[in-house]
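Each chain, written out:
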Amino acid sequence: MPSVFSDLSPYPIVQAPMAGGASCPELAAAVCDAGGLGFLAAGYKTPEAMYQEIKQLRGLTERPFGVNVFMPQPSLADPGALEVYREQLSGEASWYETPLGDTDGSLDDAYEAKLAILLDDPVPVVSFTFGCPSRAALDAFTKTGTLTVVTVTSAAEAQAAQWAGADAVCVQGIEAGGHQSTHHDDPQADGTSSGVGLLTLVTQVSEAVQLPIIAAGGLMRGSQIAGALAAGAEAAQLGTAFLVAPESGANALHKRAMTDPLFPRTELTRAFSGRPARGLVNRFIREHGRYAPAAYPQIHHMTAGLRKAAATAGDPQGMALWAGQGHRMARQLPAGELVEVLVAELESARESLVTGAPS
């Protein structure tokens, strides 16, 4: 792996930071020890919980790893729209016998406190989602020796990250599972027609900035990684592919749903969080997706109890089953073994490009 990534991991494979529990220390350690770059997800965690996971991961591996942090969000939610959606979900609350969550909580996900910990006790890599940090914040990480990565969904966002002083960008295509990491949530841009596919986006960004690129979005095979690298990326980030690994902290129902014929497709929806996120289409999305307002993280907090109750009841139809477009290609392999398989597929694809033989 050339450039800034060469000292981090032998292979150009990054395990995506999946907030909500999937990206636990055990998963990150397994990926790191296999030669990839493992990530922890600080999103939705308290600063203390983030610190404890970092401490645990350091006890499991001596390899470099990363931590992902959510950027603070502006207060754009319409109180009236929130109340209408709360009424829309009243039947779910009755069905699962749990109250809807409070939407008056903090919008910053304890951003400053998490940055203070990461600057005081530096980790090798810190990435950012839902926006770009200030130049002062990125410069502070540079002084500690931490590599900074900003997740982007357009060439314009990549240019903003370069101007702010980021060391690299994670380019997220429309195929990606979970939340679309746009820097500004635009309700007018909802729908797949507004998104850009990964290979096109990687090329656009590579022509717009002079920063190393991590490609993310729907990647499940080594041959796809080869395509992303050929398009201009220096590494590939995979989330759904690692979500089903035994080391993943994802709910067992979520893991099984990846290849369950009952869930044949994904869709971008605001139903669970108020921000566009790609998940397996289930009853909850079908019934509520069209009514969910642009209100993140308020809707996330409103539905938290419902999602937990659905999981407890063994009902995937009420859960947020985040998944990329390639979810049906998920392989239930230990994370380290999956890294090895991906590397072998990548090398085979590269060889076929040189020799012309099929991979």
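As the structure is a prediction and not an experimental result, all values here were calculated from the model.

Reading guide: rules and limits
- Residues numbered from 1 in each chain as written.
- Predicted model: local features only at pLDDT ≥ 70, side-chain atom pairs only at ≥ 80, totals over all residues.
- Heavy atoms only, no water.
- Salt bridge = Lys/Arg side-chain N within 4 Å of Asp/Glu carboxyl O.
- Helix = DSSP H or I, 4+ residues; strand = E, 2+ residues; numbered from the N terminus.
- Buried < 20%, exposed > 50% of the residue type's maximum accessible area, 1.4 Å probe, protein only.
- Arc of directions from axis to C-beta.
- Contact = heavy atoms within 4.5 Å.
- Pairing = 2+ DSSP bridges.
- Axes fitted to C-alpha atoms, helices over the stretch in contact; angles between N-to-C directions.
- Core = buried A, V, L, I, M, F, W, Y, C linked by side-chain atoms within 4.5 Å.

Visitor: Help me out: how do you make sense of the pattern of salt bridges in this one?
Guide: In a structure, side chains of opposite charge can pair up when their charged atoms sit close to one another. By the definition in use, this model includes 10 salt bridges. Linking arginine 283 and glutamate 92 is a salt bridge whose minimum nitrogen-to-oxygen distance equals 2.6 Å. Taken together, the positions of arginine 283 in helix 12 (residues 283-288) and glutamate 92 in helix 4 (residues 90-96) put the pair 191 residues apart, joining distant regions of the chain. You'll find arginine 283 and glutamate 92 in the same group, each marked buried. The salt bridge partner of aspartate 109 is lysine 114, with a shortest N-O separation of 2.9 Å.

Visitor: Help me out: how do you make sense of helix 5 (residues 111-120) in this one?
Guide: Residues that lie three or four places apart on an α-helix share one face, since the helix turns once every 3.6 residues. Inspection of helix 5 places Tyr111, Lys114, Leu115 and Leu118 among the buried residues, and these make up the whole buried set. Buried residues in helix 5, looked at end-on, bunch into an arc of 100°, giving them a common side. Turned more than 90 degrees away from the buried face of helix 5 sit Glu112 and Asp120, all of them exposed. Where the residues of helix 5 are buried, they touch helix 2 (47-60), strand 3 (65-70), strand 4 (125-129) and helix 6 (135-144).

Visitor: What's the story with the sheet that holds strand 1 (residues 13-15) in this structure? I'm lost.
Guide: Whenever strands of a sheet pair, they do so through backbone hydrogen bonds, lying parallel or antiparallel. Spatial ordering of the open sheet is given by 1-9-8-6-5-4-3-2, a layout of eight strands whose pairing is parallel. Pairing within the sheet leaves two strands with one partner each, and these edge strands are strand 1 and strand 2 (38-41). The sheet shows a mean angle of 25° between the axes of neighbouring strands, direction not considered. Judged from the four bridges that link them, strand 6 (residues 168-172) and strand 8 (residues 213-216) form a sheet pairing that is parallel. By the bridge assignment, glutamine 172 is partnered in strand 8 with alanine 216. Seen against the sheet, helix 2 touches strand 2 and strand 3 and runs at an angle of roughly 170° to strand 3.

Visitor: Got a minute to help me understand the sheet that holds strand 10 (residues 266-269) in this structure?
Guide: Strand order across the open sheet formed by three strands is 7-11-10, with antiparallel pairing between neighbours. With partners counted over all chains shown, the strands left at the sheet margins are strand 7 (178-179) and strand 10, one partner each. Of the strand pairs in this sheet, strand 7 and strand 11 (residues 277-280) are connected by two bridges, and their pairing is antiparallel. Bridge pairing in strand 11 places histidine 179 opposite alanine 277.

Visitor: What should I look at first to understand the nonpolar core in this one?
Guide: One finds Val67, Leu118, Phe128, Val169, Leu238 and Phe242 to be the most contacted residues of the largest nonpolar core, which totals 100 residues. When residues in this core are grouped by element, the largest group, seven residues, is from helix 14 (residues 335-355). Setting aside chain neighbours within four positions, we find phenylalanine 128 in contact with Asn68, Val69, Met71, Tyr111, Leu115, Pro133, Leu138, Phe141, Thr148, Val149, Val150 and Thr151. Membership of the second largest hydrophobic core comes to 13 residues, among which are Phe5, Val149, Ala168 and Ala216.

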